[in-house]
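# Close look at the chain arrangement
Residue-level listing of the chains:
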Amino acid sequence: MSDRHISEHFETLAIHAGNTADPLTGAVVPPIYQVSTYKQDGVGGLRGGYEYSRSANPTRTALEENLAALEGGRRGLAFASGLAAEDCLLRTLLSPGDHVVIPNDAYGGTFRLFAKVVSRWGVEWSVADTSDPAAVRAALTPRTKAVWVETPSNPLLGITDIAAVAQIARDAGARLVVDNTFATPYLQQPLALGADVVVHSLTKYMGGHSDVVGGALITGDAELGEELAFHQNAMGAVAGPFDSWLVLRGTKTLSVRMDRHSENATKIADMLTRHARVTSVLYPGLPDHPGHEVAAKQMRAFGGMVSFRVEGGEEAAVEVCNRAKVFTLGESLGGVESLIEHPGRMTHASAAGSALEVPADLVRLSVGIENVDDLLEDLQQALGR
C-alpha cells in the first residue's frame, strides 16, 4: 500500500508511513540495518535495489518515505546534518554566476554557508526582508535561481507569506526553498503553498529528543528529487542507519509534542508581554506580531520558539540566561526539554557585523513540554521577578 493511501490524517501518517512491519519477524518497528554492503544474487543482482549504504540503506529509506509523506512531497532525502542537506541543495540548484536571495533573519550556520563557503565558488547572494513580498521582488536579478526563506525565522520569529513569495519566485524562474525546521510539517506545509523544496534540521523537532543530528530535503518535483538524490550519493553526507531510526521514532510523536510545545509557548509569551523587564516579545501567536495574520493563515498553531528582549542590554540578557534553572542553557532547539540561549554570543555569532546580526539584548527560548507552571516560575526568577 502506498503511504499516500494510508490516511489523509497527519497523525496516522506519522506513525505508519515508511514503517512497514519487518517481513521476516513481523517486528512493528523497522530494524536498524547497521550494514555497509549487501550480498548480490549474481553480478548486478541487487535485492531491493541495495548495494552500498551510502547509496541507500533500508532504515534510511523508511525515514525518507516517512518525511516525504509528512510534507506531502514525492521525494524525501535524509542527511547527516541540516547543513549537509543545505549544501547538497545549493550544489544541485546553483552554478558559478548564479544568484540567491536570502532572508535578513536566518540560522547563523545557513548564513555562514552562504557567506563563507558558497560565495567562494562564484555564487552571489543578497539579503531581503522576506516578510515583505515587495522586498523579495526588488532583490531578484536576472541570475536569481533560488529564494531562501525561514518561516518562522531564527531567532527573530519573522513570518513569510509562503504562497505570495512562491508566486514571485515562480514568475522569475527561481526555486523557492523553505526551511520548515521551526514549524515542522505538522504545523505548516510549504509544498502545498507553492514551495519547491523544504529543508529540515532533523536534529530539532523532528527528532525531538536532543539525541540525534540530521537533516532532510523534501520536494514535490520528481525530476528535482532525482537530481538531489544523485548529488546526495555523489557527495556522501548521508544519514546513518541508527540516526535514521532515531528520527523515525521521533516523527511518530511529532503531533502530540508540537501541540504541547505550542501550548506552553503561548502561555510563556503572554507572561513575558506583561513582565516589566521585558521590552519586546517575538512570537507569531501574539495578535500584535506583524506576521500574526499570515501565520494564522498558513500554520496550524504557532510553535514552541519564543524570543524576547530585555532592558539593560547585552549583559542583562546574558544574566537571564545564566540564572535559568529549569531552562537549560544550550544551543539547538526542538527537544522535549526547554532550552535558553543568547543568540548573539551563541548560535548567531557568525552573523556579527552583517545584515543578519541579531540584537545584543535578545534571549531565545526553545519551550519544552514540561509543566508550564515550572517554566513560568523559572523565567520569572531568571528575570528577577
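Residues numbered from 1 in each chain as written. Predicted model: local features only at pLDDT ≥ 70, side-chain atom pairs only at ≥ 80, totals over all residues. Heavy atoms only, no water.

- Per an unreviewed UniProt entry, the recorded name for the protein chain is Cystathionine gamma-synthase, and the organism is Streptomyces griseoflavus Tu4000.
- Of the protein chain, the UniProt comment under Catalytic activity (unreviewed entry) reads exactly: "O-succinyl-L-homoserine + L-cysteine = L,L-cystathionine + succinate + H(+)".
- Recorded in UniProt for the protein chain, the comment headed Cofactor (unreviewed entry) runs: "pyridoxal 5'-phosphate". (UniProt positions renumbered as here; feature names shortened; annotations may be inferred.)

### Section: the environment of Leu-89
- Tracing the sequence through the fold places Leu-89 in helix α3 (residues 82–93).
- Look at Leu-89 and you get buried, because its relative accessible area is 0%.
- C-alpha of Leu-89 to C-alpha of Asp-211: the two residues are 122 residues apart in sequence and 25 Å apart in space.
- Setting aside chain neighbours within four positions, we find Leu-89 in contact with Trp-148, Val-177, Val-197, Val-199, Leu-217 and Leu-228. (Helix = DSSP H or I, 4+ residues; strand = E, 2+ residues; numbered from the N terminus. Buried < 20%, exposed > 50% of the residue type's maximum accessible area, 1.4 Å probe, protein only. Contact = heavy atoms within 4.5 Å.)

### Description of the domain arrangement of the protein chain
- The domains assigned to the protein chain are domain 1 (8–247) and domain 2 (254–381).
- Centre-to-centre separation of domain 1 and domain 2, based on C-alpha positions: 25 Å.
- With 38 residues of domain 1 at the interface, the matching set in domain 2 holds 43 residues.
- Both sides of the domain 1 and domain 2 interface together cover about 3300 Å² of buried area, and 65% of this is carbon and sulfur.
- The largest share of the area that domain 1 buries against domain 2 comes from Tyr-186, Leu-187 and Tyr-205, three residues that together contribute 24% of it.
- Residues Asp-161 and Lys-297 are paired through a salt bridge, measuring 3.1 Å at the closest nitrogen-oxygen approach.
- Listing elements by their share of the side of domain 1 that touches domain 2, those giving two or more residues are α1 (10–16), α4 (108–117) and α7 (184–187).
- Considered class by class, the residues forming the side of domain 1 that touches domain 2 number 20 nonpolar, 13 polar and 5 charged. (Domains from an automatic or database assignment. Buried area = accessible area lost by both parts, 1.4 Å probe. Salt bridge = Lys/Arg side-chain N within 4 Å of Asp/Glu carboxyl O. Nonpolar A, V, L, I, M, F, W, Y, C, P; charged D, E, K, R; others polar.)

### So, empty space enclosed by the protein
- In total, this model carries 1 cavity of 30 Å³ or more according to the counting rule given.
- When grouped by side-chain class, the residues that make up the lining of the largest cavity number 7 nonpolar, 2 polar and no charged.
- Each of domain 1 (8–247) and domain 2 (254–381) gives at least three residues to the lining of the largest cavity. (1 Å grid on protein atoms, 1.4 Å probe; cavity = no way out; pocket = protein on both sides within 12 Å on 5 of 7 lines; lining within 4 Å. Points joined across faces, edges and corners; volume = space filled by probe spheres on them.)

### Remarks on the packing of aromatic side chains
- This model, assessed by the stated rule, comprises 5 aromatic pairs.
- Ring centres of Phe-10 and Tyr-186 lie 5.3 Å apart, and the angle between their planes is 55 degrees; on these two criteria the pair is classed as tilted. With Phe-10 in helix α1 and Tyr-186 in helix α7, the pair connects residues that are 176 residues apart, well separated along the chain. You'll find Phe-10 and Tyr-186 in the same group, each marked buried.
- Centroid distance Phe-242 to Trp-245: 6.2 Å. Interplanar angle 20 degrees. Geometry classified as stacked. Here Trp-245 and Phe-242 lie together in helix α9 (residues 241–252), a separation of 3 residues that amounts to about one turn.
- For Phe-242, a relative accessible area of 42% translates into the label partly exposed. (Phe/Tyr/Trp six-rings, centres within 6.5 Å; stacked < 30°, edge-to-face > 60°.)

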